[in-house]
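Spelled out from the first residue to the last, the chains are:
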Amino acid sequence: MEQLIQEFKEDIAEFREMTRKFYANEISWKDYKAFSGGFGSYAQRGGQASMLRLRIPGGRLTKEKLKFVADTIAEYQVDKVHFTTCQTIQLHDLSDKDVCDIMEKAFDAGIITRGGGGDFPRNVMASPLSGVEQGEYFDVMPYAEAVSDYLLGMIKSVKMPRKLKVGFSNLPANETHVTFRDLGFAARPDGTFDVYSAGGLGRNPKMGVQVGEHVLPSEVLYYVKAMIAAFLAHGNYENRGKARTRYMQETLGIDGYKAAYLDMLEKVKCKDLGITVQERPVKKQGDGIRVSGKRIIAQKQNGLYAVSYHPAGGVPDEGKFAEIYAVIERMEDVEVRIGPDETIYVINLNGEEAEKVLAATMDSAQNLFETSVACIGSEICQIGLRNSQGVLADIIEEVKKYDFADGVLPQIHISGCTSSCSAHQIGTLGFHGGVKRVNDVMEPAFTLHVNGAAAESEERFGDEWGMILQKDMPAFFVDLGQAVAAENTTFEKWFAEDPGRLRKVAEKYLH
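Here the structure is a predicted model, which means the values were calculated and not measured. (Residues numbered from 1 in each chain as written. Predicted model: local features only at pLDDT ≥ 70, side-chain atom pairs only at ≥ 80, totals over all residues. Heavy atoms only, no water.)

(A) Local environment of the nonpolar core. The biggest cluster of nonpolar side chains holds 56 residues, and the ones touching the most others in it are L54, I89, F321 and I328. Looking at this core, the element that brings in the most residues is helix α1 (residues 2-23), giving 7 residues. Filtering out sequence-adjacent residues up to four positions away, L54 remains in contact with V69, T88, I89, L91, A106, I111, I112 and T113. Listed in part, the 43 residues of the second largest apolar core include V220, Y223, L265 and V268. (Core = buried A, V, L, I, M, F, W, Y, C linked by side-chain atoms within 4.5 Å. Buried < 20%, exposed > 50% of the residue type's maximum accessible area, 1.4 Å probe, protein only. Helix = DSSP H or I, 4+ residues; strand = E, 2+ residues; numbered from the N terminus. Contact = heavy atoms within 4.5 Å.)

Next comes the structure, spelled out in structure tokens:
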């Protein structure tokens, strides 16, 4: 890995030159995007600033990496940071020089940006509380990290049709959506994995095809290698719009795809792909202090806790990283995990430590609705259509006036376009941005998706009900909250008992 990192660092000189050319208007936005994505960076809307995506395998942010992020934010006066649904950290509003300098320093801190965008294997995901979660089948984090290293080794040698997303889950809650990823490993109670492939969100979403049952953890790299080989052989290199793995289900058929994948699997099993994992059993002891609360999670290690922290829209105050680091710096075995819903978790805390972290994160979401998920939105994203961050902030501000009980409104997912960067297609209520003609006027609007789900055996994409004008979104949620509160229940129970009641609330807003 050290040799690979050195090779990546040597490539930064080319990135610097291409970035200089883009900011000097010597190359187009399209040409720069095609190049810079492979380095984990894109130009923001308007072409006057850059974003840098820090790969965080499994969402595992050690204290050392947390310190790097905190120090970088301070040194370069970074004013916007975003947690993504792929468990990465995005730094925004960077100058051409700063994005290059931060990228180089990140490598020295063990944070790799290569492949953070473009046609490459993306950040490998894992259940954020893997290793500490009560009831988990087993700790999948070591396997996610080993697969991340393996895939990084392919970035310079393999040209795929498009990006590849890989994930691991430790429980059927399926937080990392492994049953509809390009490649997903779902832990089983017997210590093995079921494996799914060729799924994905976005346009023409697909559930994954099950290609393995009770797969030994020692064999996961064979399944990764087979996925790469199948994609190279059958992926669409001609049409980028159909170059994701899920379209192989259409071209080959589900049975044909599965047969092609299993054929590749047999071929790669002739190779030696042994996996080396670094297990980190938690030996820390509790201090006898018991704590509880909405944001306190008791770990499977007796007397230890995790504290959740969800900044609005996944955008924390830029000083929060330094604040959290200052609190946990001297705490034994404590680290941070980034979740797929833009929540972070500080884990391995004893009771006293949990109280300190809780106090340092009081700006967190205070109820389920405030943990809602939004992509970075059209104010920054080049391809975004609507300002998802802004509309979520407007909705939350309006809803707060009514002081609804926790659970009256669900967690929602808002994407600025159809790309599903907020995973809107599998949210209880999801939205993707667009435009609607009303009285011959083009109005900003969002398509409503209803009743999506990610949990294993319950997976489903939400049904599209129509479009709600952006200006009506806050009023819609106030009406919804009042309807649910009038029944003295939660949205989950209210909707399950009679889905038609949601239709009645929504119909006056739908176009």
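(B) Quick look at the environment of D93. The topology assignment puts D93 in strand β5 (residues 89-94). Taking C-alpha positions, D93 is 9.2 Å from A43, a pair spaced 50 residues apart along the chain. Apart from the residues lying within four places of it in its own chain, the contact partners of D93 are Q44, A49, S50, D79 and K80.

(C) The arrangement of the environment of L129 in detail. When you line up the elements, L129 lands in the loop between β6 (125-126) and α5 (141-152). Taking C-alpha positions, L129 is 46 Å from V438, a pair spaced 309 residues apart along the chain. If near-sequence neighbours (up to four positions away) are discounted, L129 is found in contact with E136, N170, I297, A306, R337, Y345 and I347.

(D) Inspection of empty space enclosed by the protein at higher detail. Enumeration over the complete set of coordinates arrives at 2 cavities of 30 Å³ or more. Its volume calculated, the largest cavity comes out at about 60 Å³. If you trace the largest cavity, you find it lined by L61, L66, F83, Y309, P316, K320, F321, I324, V336 and I344. Ranked by the residues each element gives to the lining of the largest cavity, the list is headed by helix α9 (residues 320-328), at 3 residues. In the lining of the largest cavity, the residues fall into 9 nonpolar, no polar and 1 charged. (1 Å grid on protein atoms, 1.4 Å probe; cavity = no way out; pocket = protein on both sides within 12 Å on 5 of 7 lines; lining within 4 Å. Points joined across faces, edges and corners; volume = space filled by probe spheres on them. Nonpolar A, V, L, I, M, F, W, Y, C, P; charged D, E, K, R; others polar.)

(E) Focus on unusual backbone geometry. Unlike most non-glycine residues, Q87 shows phi in positive territory, near 65 degrees. By relative accessible area, which is 0% here, Q87 ends up buried. The backbone phi angle of S457 is positive, close to 75 degrees, even though this residue is not glycine. Among the secondary structure elements, S457 is positioned in the loop between β18 (441-450) and β19 (463-469). Assessed through its relative accessible area of 73%, S457 is described here as exposed.

(F) Representation of the environment of L252 within the structure. Note that L252 resides in helix α7 (residues 248-252). A residue is classified by how much of its surface remains accessible, and L252, at 32% relative accessible area, is partly exposed. The sequence separation of L252 and E104 amounts to 148 residues, and the corresponding C-alpha distance is 42 Å. Once residues within four sequence positions are removed from consideration, L252 is found in contact with H234, Y257 and A260.

(G) The layout of surface pockets, seen in detail. In this structure, the second largest pocket occupies an estimated 1400 Å³ of space. Considering the residues around the second largest pocket, the lining is formed by 47 residues, among which D341, L368, T371, Q411 and T428 are closest to the centre. Those elements giving two or more residues to the lining of the second largest pocket turn out to be β11 (296-298) and α13 (491-497). No other element matches the 3 residues that α13 contributes to the lining of the second largest pocket. Here the residues of the lining of the second largest pocket are counted per class, giving 18 nonpolar, 20 polar and 9 charged.

(H) Structural context of the packing of aromatic side chains. Enumeration over the complete set of coordinates arrives at 23 aromatic pairs. Aromatic pair F476 and Y509: ring centres 5.8 Å apart, planes at 75 degrees, arrangement edge-to-face. With a gap of 33 residues between them, F476 in helix α12 (residues 473-486) and Y509 in the segment after α14 (500-506) connect regions that are remote in the sequence. The pair formed by F476 and Y509 is uniform in burial state, with each residue classed as buried. Among the aromatic side chains, those forming a connected cluster through ring pairs are F138, Y143, F168, F185 and F193. Taking the ring centre of F39 as reference, the NZ or CZ of R114 above it sits at 4.2 Å. It is R503 that lies over the ring of W465; its NZ or CZ is 3.9 Å from the centre. (Phe/Tyr/Trp six-rings, centres within 6.5 Å; stacked < 30°, edge-to-face > 60°. Lys NZ or Arg CZ within 6 Å of the ring centre and 35° of its normal.)

(I) Seen up close, the packing of α1 against helix α2 (residues 29-36). Viewed as axis vectors pointing N to C, α1 and α2 meet at an angle of 160 degrees, and their least axial separation amounts to 10 Å. With respect to α2, the axis of α1 lies roughly antiparallel. Considering how the two elements wind past one another, α1 and α2 form a crossing that is left-handed. Each of E14, F15, M18, T19 and F22 in α1 lies in contact with α2, whose residues at this interface are W29, Y32, F35 and S36. Taken together, the residues of the contact of α1 with α2 break down into 6 nonpolar, 2 polar and 1 charged. (Axes fitted to C-alpha atoms, helices over the stretch in contact; angles between N-to-C directions. Parallel < 35°, antiparallel > 145°, perpendicular 65-115°, else oblique. Left-handed = near helix turned anticlockwise from the far one by under 90°.)

(J) Quick peek at the sheet that holds β6. Read across the sheet, 5 strands follow the order β6-β7-β8-β9-β10 without closing on themselves; strand pairing throughout is mixed. Edge positions in the sheet fall to β6 and β10 (209-215), since each of these pairs with one other strand and no more. With respect to the sheet, α5 is in contact with β6, β7 (166-169) and β9 (193-197), its orientation differing from that of β7 by roughly 170 degrees. Its contacts with the sheet put helix α8 (residues 254-268) on β8 (183-187), β9 and β10, and the angle it makes with β10 is roughly 45 degrees. (Pairing = 2+ DSSP bridges.)

(K) The arrangement of the sheet that holds strand β15 (residues 373-374) in detail. The mixed open sheet is built from 5 strands, whose spatial order is β15-β16-β17-β18-β19. Across the chains shown, the open sheet's two edge strands, defined by having one partner strand only, are β15 and β19. Relative to β19, β18 runs antiparallel, the two sharing 6 bridges. Bridge pairing links F446 to I468 in β19. The sheet strands contacting helix α11 (residues 388-400) are β15, β16 (412-415) and β18, and the helix crosses β16 at an angle near 145 degrees. Across the face of the sheet, α12 comes into contact with β16, β17 (429-438), β18 and β19 while running at roughly 130 degrees to β17.

(L) Broad picture of a negative patch on the surface. Taken together, D79, D93, D317 and E318 make up a surface patch of like negative charges. Mapped onto the secondary structure, E318 falls in the loop between β12 (305-309) and α9. With relative accessibility at 33%, the residue E318 sits in the partly exposed group. (Patch = residues over 30% accessible without salt bridge, like charges linked within 9 Å, V, L, I, M, F, W, Y side chains within 5 Å. Areas by Shrake-Rupley, 256 points an atom, 1.4 Å probe, with all protein chains shown as cover. Salt bridge = Lys/Arg side-chain N within 4 Å of Asp/Glu carboxyl O. Lys, Arg positive; Asp, Glu negative; His and termini not counted. Charge placed at Lys NZ, Arg CZ, Asp CG, Glu CD.)

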